[in-house]
Amino acid sequence: MTPIYFPFTWADAPTIQAITAVFPKIAIYQPSVCRAPSLLHPFEQAGKLEIRVPVTEDCQKLEMMVADFQSWARLHQGSDLAFLKTRQPAAPFIDHLSSRIQSDILNYQDSPTNPAPDPVFNARLFLEIAAAYDAQQSDLSCDLAKIQNLEKRFMAALGDHADMEESVPLGNLPLFQDDPGTFMLAERLQAWSILFLQDLKQRTAGDLWVTSRLSVVEWIRDEADMEPVLEINCIPIQKNFDDNTRFWQESIMVYLSQLQTTPWPTAIKKFEPPSSDYAWENAVSVKGFIIPNLTPDALLQKMAADKAVRMPDSGQLRHTIVVCVSPI
């Protein structure tokens, strides 16, 4: 079983490194086969990441609409996409907004004025633009962090050591930057669920979901009952993994897999790292949750507001497992 990163289709290198400190390999979904971020490829080649593209149709159309929408957004609303939040209560690019993009940006004057909505294509389009937004915000946060470190070093050089607790090298920036992932979170969950439900080949009834945003867990908690089942206070980020670490990772996977078909425990399980001989400067914490008596497929359909796509009942699976890997 490969844990699935959700509900985002973009992740920076520190996030992937943090999650793979807990799970040896994760899967990340992409809306288009043409736009997989290049930063994901080294992790894929190293066997730590599996890139899944459940829908491959209309890639050129998707590419064109993403590029034209970004041009239109810069022209009319600036480079920030915050205006989308007030434009559409559900996933953007459906109904009137899709028609407006087609007529105002793509100049489809000869096309039907009210084309039939395509929820899957609209979800893919939203996820592509959301991924571009996440990448842009990550780059901005990284640049701001560099400026702050330069300011600290400058103040220290002037003798104001009180404003600088310690020297921070420019090559050793914090593992996690400010997180833009909470922006339009409900829409992200809906669009990602629609995309995931299209994967009839690789998704299974026992999929395990992992995220780096506690806000995702909090949103799901408001929609379904959730109980904590796993807690790891501190896990160091390592470059190399020995056999003890791999066995420790496997034991976590076995525990979480068993929870899906057995009554959940009253006590929260804790896994201490197998060795204290690690560099602890960059570390993450882990919190695992169970959604009792609700299968992953049923929860996805609820988030996607789609009851048409259904996975056959295995007759055993009863619960959904969600894990959050977050900075300390």
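Residues numbered from 1 in each chain as written. Predicted model: local features only at pLDDT ≥ 70, side-chain atom pairs only at ≥ 80, totals over all residues. Heavy atoms only, no water.

Colleague: Is there a simple way to think about empty space enclosed by the protein in this case?
Modeller: Unfilled space is identified by rolling a water-sized probe across the atoms. Scanning the entire structure with this criterion turns up two cavities of 30 Å³ or more. Here the second largest cavity is characterised by a volume of approximately 30 Å³. Residue lining of the second largest cavity: P7, F8, T9, W10, L127, A130, A131, D134 and R188, and that is the complete set. Top contributing element to the lining of the second largest cavity by residue count: helix α6 (residues 119-157), with four residues. Here the residues of the lining of the second largest cavity are counted per class, giving six nonpolar, one polar and two charged. (1 Å grid on protein atoms, 1.4 Å probe; cavity = no way out; pocket = protein on both sides within 12 Å on 5 of 7 lines; lining within 4 Å. Points joined across faces, edges and corners; volume = space filled by probe spheres on them. Helix = DSSP H or I, 4+ residues; strand = E, 2+ residues; numbered from the N terminus. Nonpolar A, V, L, I, M, F, W, Y, C, P; charged D, E, K, R; others polar.)

Colleague: What exactly am I supposed to notice about the environment of A67 here?
Modeller: Tracing the sequence through the fold places A67 in helix α3 (residues 59-76). Once the C-alpha coordinates of A67 and I129 are considered, the two residues, 62 residues apart in sequence, prove to be 9.1 Å apart.

Colleague: Please clarify how the pattern of salt bridges should be interpreted in this entry.
Modeller: Oppositely charged side chains can pair when the atoms bearing their charge come close. Applying the stated rule across the entire model yields four salt bridges. Where R52 meets E50, a salt bridge forms, and the shortest distance between an N and an O atom there is 3.0 Å. The exposure classification of R52 matches that of E50, with both residues buried. The closest approach of N and O atoms between D134 and R188, which form a salt bridge, is 2.8 Å. Taken together, the positions of D134 in helix α6 and R188 in helix α7 (residues 185-197) put the pair 54 residues apart, joining distant regions of the chain. (Salt bridge = Lys/Arg side-chain N within 4 Å of Asp/Glu carboxyl O. Buried < 20%, exposed > 50% of the residue type's maximum accessible area, 1.4 Å probe, protein only.)

Colleague: How should the side chain of T20 be read in this particular structure?
Modeller: With respect to the helices, strands and loops of the structure, T20 is situated in the loop between α1 (13-19) and β2 (26-29). In this structure T20 comes out as buried when scored by relative accessible area, which is 2%. A polar contact is formed between the side chain of T20 and the backbone oxygen of I16, at a distance of 2.7 Å. With residues near it in sequence (within four places) discarded, T20 still touches K48, F241 and Q249. (Polar contact = N/O pair within 3.5 Å; in protein donor to acceptor, adjacent residues only side chain to side chain. Contact = heavy atoms within 4.5 Å.)

Colleague: What exactly am I supposed to notice about the packing of aromatic side chains here?
Modeller: Each aromatic ring pair is characterised by the separation of its centres together with the angle its planes make. According to the stated counting rule, one finds eight aromatic pairs in the structure shown. Where Y5 meets F8, the ring centres are 6.3 Å apart and the plane angle is 40°; that geometry is what we call tilted. Among the residues examined, Y5 registers a relative accessible area of 2% and is labelled buried. Ring centres of W192 and W209 lie 6.4 Å apart, and the angle between their planes is 80°; on these two criteria the pair is classed as edge-to-face. With a gap of 17 residues between them, W192 in helix α7 and W209 in strand β4 (residues 209-211) connect regions that are remote in the sequence. With relative accessibility at 0%, the residue W192 sits in the buried group. Look at W209 and you get buried, because its relative accessible area is 0%. Within the aromatic cluster, the residues linked to one another by ring pairs are F6, Y29, W192, F196 and W209. The ring of F271 has K269 lying over it, and the distance from NZ or CZ to the ring centre is 5.4 Å. (Phe/Tyr/Trp six-rings, centres within 6.5 Å; stacked < 30°, edge-to-face > 60°. Lys NZ or Arg CZ within 6 Å of the ring centre and 35° of its normal.)

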